[in-house]
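Notes for the structure review
In case you want the letters, here they are:
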Amino acid sequence: MHISAKDLAALIPADFTLGVATAAFQIEGALTEDGRGTAGWDVFSAKEGAIVDGHSPAVACDHYHRMPGDVALMKQLGVDSYRFSLSWPRIQPNGSGPMNPAGLAFYDRLLDELLANGISPMVTLYHWDTPLALDDAGGWMNRDTAYRLGEFAAIAADAYGDRVARWVTINEPATVSTNGYTMGLHSPGEALMVNALPTVHHQLLGHGLAMQALRAAGVPGEIGMTNVYSPMVPNSINPLDWMSAGLMDIAQNRLYADPVLTGQYPDIIRAAKFFGSFDHPDGDMEIISQPLDFYGLNYYMPTKVAVGPGEGAVPATMAEAMGSDLSAAGNGSTPFHVEAWPEADITSYGWPVKPEYMAVALKEMAERYPHLPPVIITEGGASFEDIVVRDKSTNTTFIPDERRLKYLSDHIESALKATAPGGDAEGIDLRGYYVWSLMDNFEWSAGYNQPFGLLHVDFETLERTPKASYFWLQELIEERNLAAAAGAAVAQAASEEPDTAVDPETAVSPDDGVTTSGATA
Ligand code: BGC
């Protein structure tokens, strides 16, 4: 069971954003249309064996052609905000130099459509689709890519700055470095292991330069960046498991969050010899750690860590879903590995469903970073295989995705309770939760096999069908709006009729023979 929509709505503070999220490469399709340049991901995903079942991103959800319909579905859902990313190669085909007017125009139309429907836009500048020309020049191994992202931010500020409410400079640099450059599971498909470390610093510098460009342009929207966070849990009381979990925490969480929030890489990274592999000029850390208007956090799951190589770097279900045995990660020789969580429900990705760790993630963030800006959960969601039920007599379709619905309800509840007064992470000013994702889409190396959507997408017909989780979120938002309207009406009445309001503390009972305002004995 999960909490009722009404009870969950009652936990939502004022000015809390409920939104949905997507990313350009995962939904747009139209990869060769209207002057879009080539992305590294276009080339990577065409490689034999790179994507599970050889799925292609060429059409994806065809959002490029169906955008107005998708916005109408968001309007019907009632969300406050939509988080989407700009396709860099669609706007600036080579990642430097001339822009593509047709690409710029697409996001113009999208922004106008959102605003016309009362949906507040949150724009991610970089959600992994690096222009191929930049990848060919070394991608994130090349410091120059950071400057190109800064330049792209200036272009976006100029074109859209008047309409964007929130900016995310960069999404999950940890996933780009780990999957793209360390293990070769994502574009550009490099398995450089520890030699991938320069990609960490260059992406963070790219964030800082993008932020400087947005600030210099004077955009009125709030600016932040997004890191993924997974609490690391030792597999046993073996101290080596604890040390392994600590190292994973540094490699996956703190390596990306500390520089942005404290201006320093973790001590152990600075002490280790390989720090030389991302030596940097003076001044970089100031650029990276500029004050943020908000901190974006993506939370999906905790990670259980054990010492030694185990039977694989990650549990078999996870490796299979990602389409790799992770042998590039040195299978059989890694100093530690990710363990399965036997007692936990798992998603079809093999990810453990542990909503209580949503609260742990927020608590750890609050403890680690006392000066944390307001936090927005910029992504959370789950992939489960869906069953499409067709009722021929009424010609209706029903998708009972109860597990996704429960995942979302439990995680939002956990986050709200943790950050409420008296909660484990009460120090965090939590401002929103964005569901990943509005619709089923191209899940990177997993192709179309991991559906995260509130909307089911039939990848043959491209038809969208709302799932039970979509109707649940719709109800939650309606309940939230009703509660807000009722609260506003009470406040209004109190302000208009101060003399007739009865203060329960001082009101006397009719038995006293005294007349209270508005009541006669
Ligand atoms: C990414 C999304 C991805 C989702 C589910 C996040 O890491 O930002 O692009 O689809 O997780 O894997």
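In case you missed it, the structure is sitting above this.
Predicted model only: the values in this text are computed from it and were never measured. (Residues numbered from 1 in each chain as written. Predicted model: local features only at pLDDT ≥ 70, side-chain atom pairs only at ≥ 80, totals over all residues. Heavy atoms only, no water.)

1. So, the sheet that holds strand E3 (residues 120–126)
Put simply, the rule is: When DSSP finds at least two bridges between two strands, those strands are taken to pair. Secondary structure elements are defined from DSSP: runs of H or I of at least 4 residues count as helices, runs of E of at least 2 residues count as strands, and each element is numbered from the N terminus. Here an angle of 0 to 180 degrees is reported between the N-to-C directions of two axes, which are lines fitted to C-alpha atoms, with helices fitted over the stretch in contact. Two residues qualify as a contact provided that any one of their heavy atoms is within 4.5 Å of a heavy atom in the partner residue.
Taken together, 8 strands build a closed barrel; the order of strands is E1-E2-E3-E4-E5-E7-E10-E13 and the barrel is parallel. With strand direction ignored, the average angle separating the axes of adjacent strands in the sheet is 25°. Summarising the sheet, strand E4 (residues 166–171) and strand E5 (residues 222–228) pair through 4 bridges and their orientation is parallel. For tryptophan 167, the partnering residue across the bridge sits in E5 and is isoleucine 223. Sheet contacts for helix H15 (residues 356–368): strand E7 (294–298) and strand E10 (375–380); angle to E7, the most-contacted strand, approximately 145°.

2. Side note on the sheet that holds strand E9 (residues 336–339)
Read from one edge to the other, the open sheet built from 3 strands follows the order E6-E8-E9, with strand pairing classed as mixed. Of all the strands in the sheet, just strand E6 (232–234) and E9 have a single pairing partner and so form its edges. The mean angle between the axes of side-by-side strands here comes to 40°, regardless of whether they run parallel or antiparallel. Sitting on the sheet, helix H11 (residues 239–262) is in contact with E6, strand E8 (303–307) and E9, with an inclination near 125° to E8.

3. Description of the site of the ligand
The cut-off we apply is this: Being near a molecule or strand, for a residue, comes down to having at least one heavy atom within 4 Å of it. What sets the accessible areas is the Shrake-Rupley method with a 1.4 Å probe; for residues, cover comes only from the shown protein chains. Ten residue types, Ala, Val, Leu, Ile, Met, Phe, Trp, Tyr, Cys and Pro, are classed as nonpolar, four, Asp, Glu, Lys and Arg, as charged, and the remainder, Gly among them, as polar.
Surveying the vicinity of the ligand reveals 13 residues, the closest of which are Gln26, His127, Asn171, Glu172 and Glu443. When the ligand is considered free in solution it has 310 Å² of accessible area, and contact with the protein chains removes 94% of it. Taken together, the residues that form the shell around the ligand break down as 7 nonpolar, 3 polar and 3 charged.

4. Section: unusual backbone geometry
With an omega of 5°, the peptide bond between serine 187 and proline 188 qualifies as cis. Structurally, proline 188 can be placed in the loop between helix H9 (173–182) and helix H10 (198–216). In this structure, the amide linkage connecting tryptophan 436 to the following residue, serine 437, adopts the cis form with an omega of 15°. Looking at the element boundaries, serine 437 is found in the loop between strand E13 (430–436) and strand E14 (455–457). We note that asparagine 395 has phi near 55°; this positive angle belongs to a residue other than glycine. With respect to the element layout, asparagine 395 can be found in the loop between strand E11 (389–391) and strand E12 (396–398).

5. Re the layout of surface pockets
Selection rule: Computed over the protein atoms alone on a 1 Å grid, cavities are sets of points where a 1.4 Å probe fits but cannot get out and pockets are open sets with protein on both sides within 12 Å along at least five of seven lines; a residue lines them when it has an atom within 4 Å of a point. Grid points are joined across faces, edges and corners, and a volume is the space filled by probe spheres set on the points.
What the second largest pocket holds in volume is close to 240 Å³. Looking at the second largest pocket, it is lined by 13 residues, and the ones nearest its centre are Glu385, Asp386, Tyr448, Asn449 and Pro451. Classifying every residue of the lining of the second largest pocket gives 5 nonpolar, 5 polar and 3 charged.

6. Observations regarding a nonpolar patch on the surface
Cut-off, in case you're wondering: Like-charged residues within 9 Å of one another, or nonpolar side chains (Val, Leu, Ile, Met, Phe, Trp, Tyr) within 5 Å, are grouped into patches, provided each residue has over 30% relative accessible area and no salt bridge. By definition here, a salt bridge exists when the distance from a side-chain nitrogen of Lys or Arg to a carboxyl oxygen of Asp or Glu is within 4 Å.
Side chains of Leu240, Met243 and Val307 sit close together on the surface and give an oily, nonpolar patch of about 270 Å² of accessible area. Structurally, the position occupied by leucine 240 is in helix H11.

7. With respect to the environment of valine 389
The topology assignment puts valine 389 in strand E11. As a C-alpha pair, valine 389 and proline 400 span 11 residues in sequence and 8.0 Å in three-dimensional space. With near-sequence residues (within four places) excluded, valine 389 lies in contact with Thr396, Thr397, Phe398 and Pro400.

8. A short note on helix H16 (residues 402–419)
Test applied: One less than the number of residues in a helix, times 1.5 Å, gives the span that helix is expected to have. The cut-offs for exposure are 20% and 50% of the maximum accessible area for each residue type, with area from a 1.4 Å probe on protein chains only; residues under the lower value are buried, those over the upper are exposed, and the others partly exposed.
If you check H16, its first and last C-alpha atoms are 26 Å apart, about what 18 residues at 1.5 Å a residue would give, namely 26 Å. Within H16, 14 of the 18 residues are buried, which leaves it mostly tucked inside the rest of the structure.

9. Remarks on the packing of aromatic side chains
Filter applied, for reference: Between 30 and 60 degrees the pair is tilted, below 30 it is stacked and above 60 it is edge-to-face, where a pair is any two Phe, Tyr or Trp rings, Trp via its six-membered ring, whose centres lie within 6.5 Å.
Scanning the entire structure with this criterion turns up 23 aromatic pairs. Ring centres of tryptophan 41 and tryptophan 444 lie 4.8 Å apart, and the angle between their planes is 50°; on these two criteria the pair is classed as tilted. With tryptophan 41 in helix H3 (residues 40–45) and tryptophan 444 in the loop between E13 and E14, this residue pair connects regions lying 403 residues apart in the sequence. Summarising the burial analysis for this pair, tryptophan 41 and tryptophan 444 share the class buried. Ring geometry for tyrosine 64 and phenylalanine 106: centres 4.7 Å apart, planes at 40°, overall tilted. Placement of the pair is tyrosine 64 in helix H4 (residues 63–77) and phenylalanine 106 in helix H6 (residues 101–116), with a sequence separation of 42 residues. With relative accessibility at 0%, the residue phenylalanine 106 sits in the buried group.

10. Description of the environment of proline 335
Examined against the element boundaries, proline 335 turns out to sit in the loop between helix H14 (316–322) and E9. When the C-alpha positions of proline 335 and proline 309 are compared, they lie 5.8 Å apart, and in sequence the two are 26 residues distant. Those residues in contact with proline 335 that sit more than four places away from it in its chain are Val307 and Gly308.

11. Some thoughts on empty space enclosed by the protein
It is the rolling of a water-molecule-sized probe over the atoms that shows where space remains empty. Within the structure shown, the criterion is met by 4 cavities of 30 Å³ or more. What the largest cavity holds in volume is close to 80 Å³. If you go around the largest cavity, you meet 14 residues; those closest to its centre are Trp41, Tyr126, Trp128, Val176 and Ser187. For the lining of the largest cavity, the secondary structure elements donating two or more residues are H3 and H9. No other element matches H9, which puts 4 residues into the lining of the largest cavity. Within the lining of the largest cavity, the residues separate by chemical class into 7 nonpolar, 6 polar and 1 charged.

12. A short note on the pattern of salt bridges
Evaluated as defined, the whole model comprises 27 salt bridges. Between aspartate 112 and arginine 163 there is a salt bridge, with the nearest N and O atoms lying 2.9 Å from each other. Of this pair, aspartate 112 sits in helix H6 while arginine 163 sits in the loop between helix H8 (144–160) and E4, and the two are 51 residues apart along the sequence. Residue classification places aspartate 112 among the partly exposed positions, given a relative accessible area of 42%. The exposure class assigned to arginine 163 is buried, which follows from its relative accessible area of 16%. Note that lysine 406 is salt-bridged to aspartate 410, the shortest N-O span being 2.7 Å. Here lysine 406 and its partner aspartate 410 are both found in helix H16, 4 residues apart, which amounts to about one turn of the helix. Its relative accessible area of 31% is what places lysine 406 among the partly exposed residues. On the accessibility criterion, aspartate 410 (13% relative accessible area) is buried. A cluster of three or more residues bridged by salt bridges with shared partners is formed by Asp386, Asp401, Arg404, Asp440 and Lys467.

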